[in-house]
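Remarks on the overall topology
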Amino acid sequence: MSTSLPDTSAIVDGIRRWIECESPSRDLQALLRMAELIRAEAGDLGLQFQARDLGDGVAPLLHMHNRAPGDTRPGIMILAHYDTVHPVGTLEKNPCRIEGDRLYGPGSYDMKAGTWLALTAAGQLSQPGSSALPIDFVIVPDEEIGSYASRPSIEAFSRNTRYALVCEPARADGGRCVTARKGTGFIYVNTHGRPAHAGVQHQKGRNAIQEMAHQILALQAMTDYELGTTVNVGTIEGGTTPNVVPEHCRITCDFRIPDAKAGEKLREKVEALRSVDPDVAVQAEFILNRPPMPRTDAVVALLERARGYAHEAGFSLEEAPMTGGGSDANFTAALGIPTLDGLGADGDGAHTLQEYVLVSTLQERLDFWLRMLRSLD
């Protein structure tokens with residue numbers, strides 16, 4: 001089955017082209033260049049292509065497919081993103097190069113290599129009817145910053161999807177796939193006190209930062225490692241100058257929850273926050289950005305099929321424990337779509353200047369994608 005696939009040298013060349021087209025999340029022009037590169041390669045592969053507008057100042061969502069006219073069957077959605085966390089210029093610090101078995105470069109592992117492999121495999125099946133199910137390849141431009149613009153489209157595609165396969169990188173130390181992710185979100189807390197001259201009328205002031213210190217301790221105490229819930233107060237800002245009792249303070253917290261029940265429990269605690277100083281107002285906002293991705297029986301059944309395709313391709317597909325990191329898989333899983341994540345390239349170093357993929361695994365991973373996309377029904 002793998003005879004029509006490119007060899008390792010050609011695979012590396014293809015991935016290198018993508019790495020060297022830098023695409024930071026917040027650089028529209030760079031993202032547009034990356035989108036054009038993907039459009040050109042999808043066209044060369046024979047896939048049908050559409051760029052979908054997500055609004056002003058946002059790069060497009062890219063949709064490629066092999067559906068025949070009128071084929072509206074629920075199919076396979078491959079889900080990926082073409083934005084990265086690395087600003088333009090990172091190539092100077094982490095140039096695209098091979099050292100031993102490692103192909104380095106910004107965005108190589110998260111997640112250009114995995115996306116390139118899946119797109120190349122889908123291109124082998126570009127003719128309608130060449131796969132058991134129709135394939136919809138959806139690549140979004142904003143996953144690294146929360147997928148706020150693309151989430152409605154992801155959920156719309158999910159309504160006509162039987163399986164979702166996500167190109168996020170395989171977990172390090174064995175190339176394991178992901179079957180469960182925690183839900184992620186943010187807590188914003190504002191305190192509003194009363195300003196006063198710190199030297200002349202200190203007693204008349206009501207210190208918003210002091211009140212926030214109490215709220216920070218309460219929030220940090222909501223972490224429950226046994227349950228799997230974490231709360232992290234990540235940023236704080238407040239006050240004006242040292243000689244003024246601060247009137248305002250604001251914090252931003254990150255939270256991770258293992259399931260919907262834990263999320264509701266945490267929401268109740270946040271909404272129950274009350275000020276210690278009755279003269280200082282406290283306002284708290286709880287926002288669930290990505291719902292949890294549960295490990296369901298349907299996910300386990302899909303995993304077993306994927307393991308079979310991996311075995312045919314020459315490697316063992318192992319399963320990672322639940323991860324605290326979120327991805328667009330959270331959205332498809334929350335809608336009940338059997339979803340496998342972490343199916344991208346094997347490597348390590350996501351979001352760092354030491355990011356790489358393992359060259360020796362690329363050929364078998366490409367073969368795996370082709371077998372799975374062709375046969376999954």
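In what follows, the structure referred to is the one given above.
Residues numbered from 1 in each chain as written. Predicted model: local features only at pLDDT ≥ 70, side-chain atom pairs only at ≥ 80, totals over all residues. Heavy atoms only, no water.

**Some thoughts on the nonpolar core**
The biggest cluster of nonpolar side chains holds 64 residues, and the ones touching the most others in it are Ile78, Phe137, Leu165, Phe368, Trp369 and Leu373. Among the elements that line this core, the one with the most residues is helix α4 (residues 108-123), at 9 residues. Val233, Cys249, Phe255 and Leu273 belong to the second-largest nonpolar core, a separate cluster that totals 18 residues. (Core = buried A, V, L, I, M, F, W, Y, C linked by side-chain atoms within 4.5 Å. Buried < 20%, exposed > 50% of the residue type's maximum accessible area, 1.4 Å probe, protein only. Helix = DSSP H or I, 4+ residues; strand = E, 2+ residues; numbered from the N terminus.)

**With respect to the environment of aspartate 173**
Structurally, aspartate 173 is set in the loop between β7 (161-166) and β8 (177-178). Along the backbone, aspartate 173 and glycine 238 are 65 residues apart, and their C-alpha atoms lie at a distance of 42 Å.

**Remarks on the packing of aromatic side chains**
A complete count under the given rule lists 5 aromatic pairs for this structure. Between the aromatic rings of phenylalanine 186 and tyrosine 188, the centroid separation amounts to 6.2 Å while the plane-to-plane angle is 25 degrees, which identifies the pairing as stacked. Between phenylalanine 255 and phenylalanine 286, the aromatic rings sit 4.5 Å apart at their centres with planes inclined by 15 degrees, giving stacked as the arrangement. Of this pair, phenylalanine 255 sits in strand β13 (residues 248-257) while phenylalanine 286 sits in strand β14 (residues 281-290); the two residues are 31 residues apart in sequence, bridging distant segments of the chain. Per residue, the accessibility class of phenylalanine 255 equals that of phenylalanine 286, and both read buried. Feature note: the residues Phe315, Phe368 and Trp369 constitute an aromatic cluster, connected by ring pairs. (Phe/Tyr/Trp six-rings, centres within 6.5 Å; stacked < 30°, edge-to-face > 60°.)

**Section: the sheet that holds β13**
One open sheet accounts for 4 strands, arranged β11-β13-β9-β14; its pairing is antiparallel. Each end of this open sheet is capped by a strand with a single partner; those strands are β11 (230-238) and β14. Strand after strand, the sheet turns through a mean of 15 degrees between neighbouring axes, direction not considered. (Pairing = 2+ DSSP bridges. Axes fitted to C-alpha atoms, helices over the stretch in contact; angles between N-to-C directions.)

**Details of the pairing of β7**
Two faces belong to every sheet, and in a regular strand the side chains alternate between them. Counting buried positions along β7 yields 5 of 6 residues, so the element is predominantly enclosed. As judged from the 5 bridges shared by strand β3 (residues 75-81) and β7, these two strands associate in the parallel manner. If you follow glycine 75 over to β7, its bridge partner there is threonine 161. Alignment of β7 against strand β16 (residues 339-340), held across 2 bridges, turns out to be parallel. Along β16, the bridge assignment pairs leucine 165 with leucine 340.

**Some details on the side chain of threonine 332**
Within the secondary structure, threonine 332 is located in helix α9 (residues 329-334). Overall, threonine 332 belongs to the buried group, its relative accessible area being 0%. The contacts of threonine 332, once residues within four sequence positions are left out, are Met77, Leu79, Ile154, Ser158, Ala164, Ile337 and Thr339. (Contact = heavy atoms within 4.5 Å.)

**Details of unusual backbone geometry**
Aspartate 110 connects to methionine 111 through a cis peptide bond whose omega is 0 degrees. Mapped onto the secondary structure, methionine 111 falls in helix α4. A positive phi angle, near 65 degrees, is found at aspartate 173, a position not held by glycine. The backbone of histidine 351 sits at a positive phi, close to 70 degrees, despite the residue not being glycine. A relative accessible area of 44% means that histidine 351 is categorised as partly exposed.

**Side note on the layout of surface pockets**
By volume, the largest pocket amounts to about 500 Å³. Along its surface, the largest pocket is lined by 23 residues, and Glu143, Glu144, Gly325, Gly326 and His351 are the ones closest to its centre. Every element with two or more residues in the lining of the largest pocket is listed here: α4, β9 (183-192), β13 and β14. Here the residues of the lining of the largest pocket are counted per class, giving 7 nonpolar, 7 polar and 9 charged. (1 Å grid on protein atoms, 1.4 Å probe; cavity = no way out; pocket = protein on both sides within 12 Å on 5 of 7 lines; lining within 4 Å. Points joined across faces, edges and corners; volume = space filled by probe spheres on them. Nonpolar A, V, L, I, M, F, W, Y, C, P; charged D, E, K, R; others polar.)

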